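Secondary and tertiary structure notes
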Amino acid sequence: MNLKILWMYHDLMDLYGDKGNAEVLRRRAEKRGIEVQLDTCTIGEEKNIDEYDLFFLGGGADKEQNLIFADLLQRKQSIQTAMDHKTAFLLICGGYQLFGQYYKDQDGNVIEGLKFFDYYTVAGNRDERCIGNIAVETTMDGKTFKAVGFENHGGQTKNVSTPFAKVLSGHGNEMHSGFEGFMNEQVLATYMHGPLLPKNPDIADAILKRALKKRYGEVTLEPLDDTIEYQAQNVMLERLQCK
Ligand code: GLN
């Protein structure tokens, strides 16, 4: 069994350690004897997205989103084909925003999104940013669990049909929305940086299973010793009084 991960715009869309998500997925797969091919793709590079099991796109400031969106839009059909063939997607913050209708940035520029989903994002005024540690509760693979992360976004994402999680502490999609991210069977799109996966092994393994499902169907992953991961998560849950 092997796993092919495509890490998009690795050199531009990588805020608050988002690159760590790729490393966590690689290590957790390799610990189970799954060979991992981790490729990057940035502006102007050619990649057949459908060859990959997981499409990973991190977060970025408005400047980087303005730099990449034209190149990303040119890949719409390639991404659609991959989506049709059950590729899994992990989208963080700015990456999350660009899969919706549009992102209207702090200066009022409208950055066109891929329009795969109905949600859209409008940045609040400059002092209205969603910043800080965040704790949520979600359900993936039939398991309900808590997760922690860090958010820093001006964008307020609206019209989210199926949120990823319920906010326990912090902001999420909007300053006071009570919900965080977007999720469907293939796509996990979230504002949670940190990076997201090191302190949230349940999410990491759920993403691995979604990616492996494309070519291998439902797989069972042998449990790993996540003592340290959960210790780190518990420190944040206690700090946020969400234990
Ligand atoms: N630039 C976007 C915003 O401010 C996304 C930020 C991010 O990726 N952390 O909402």
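To start, this report covers the structure provided alongside it. Please read all numbers here as calculations on a predicted model, not as lab measurements.

1. Comments concerning the packing of aromatic side chains
This structure, assessed with the given rule, holds 12 aromatic pairs. What links up through ring pairs into an aromatic cluster is the set Tyr96, Phe117, Tyr119, Phe182 and Tyr191. Stacked on the ring of Phe116, the Lys or Arg Lys76 has its end atom at 5.6 Å from the ring centre.

2. So, the pairing of strand S11 (residues 165-169)
The pairing of strand S8 (residues 130-140) with S11 spans three bridges and is antiparallel. Each bridged residue has a counterpart across the sheet, and for Glu137 the counterpart in S11 is Lys166. Of the pairings in the sheet, the one linking S11 to strand S12 (residues 179-180) comprises two bridges and is antiparallel in character. The partner of Ala165 across the bridge, within S12, is Glu180.

3. Quick notes on the nonpolar core
Note on soluble globular proteins: their nonpolar side chains tend to be buried together. Among the nonpolar cores identified, the biggest contains 68 residues, and Phe55, Ile79, Phe99 and Ile203 are the most heavily contacted of them. For this core, the element with the highest residue contribution is helix H5 (residues 201-216), accounting for seven residues. Non-local contacts of Phe99, meaning those with residues more than four positions away in its chain, are made with Phe55, Leu57, Ile79, Met83, Phe89, Leu91, Leu114, Lys115, Phe116, Phe117 and Tyr119. With six residues, the next largest nonpolar core counts Ala135, Val148, Met236 and Leu237 among its residues.

Cut-offs used in this document
- Residues numbered from 1 in each chain as written.
- Predicted model: local features only at pLDDT ≥ 70, side-chain atom pairs only at ≥ 80, totals over all residues.
- Heavy atoms only, no water.
- Phe/Tyr/Trp six-rings, centres within 6.5 Å; stacked < 30°, edge-to-face > 60°.
- Lys NZ or Arg CZ within 6 Å of the ring centre and 35° of its normal.
- Pairing = 2+ DSSP bridges.
- Helix = DSSP H or I, 4+ residues; strand = E, 2+ residues; numbered from the N terminus.
- Core = buried A, V, L, I, M, F, W, Y, C linked by side-chain atoms within 4.5 Å.
- Buried < 20%, exposed > 50% of the residue type's maximum accessible area, 1.4 Å probe, protein only.
- Contact = heavy atoms within 4.5 Å.

All quantities given are derived from atomic positions and should not be read as evidence of function.
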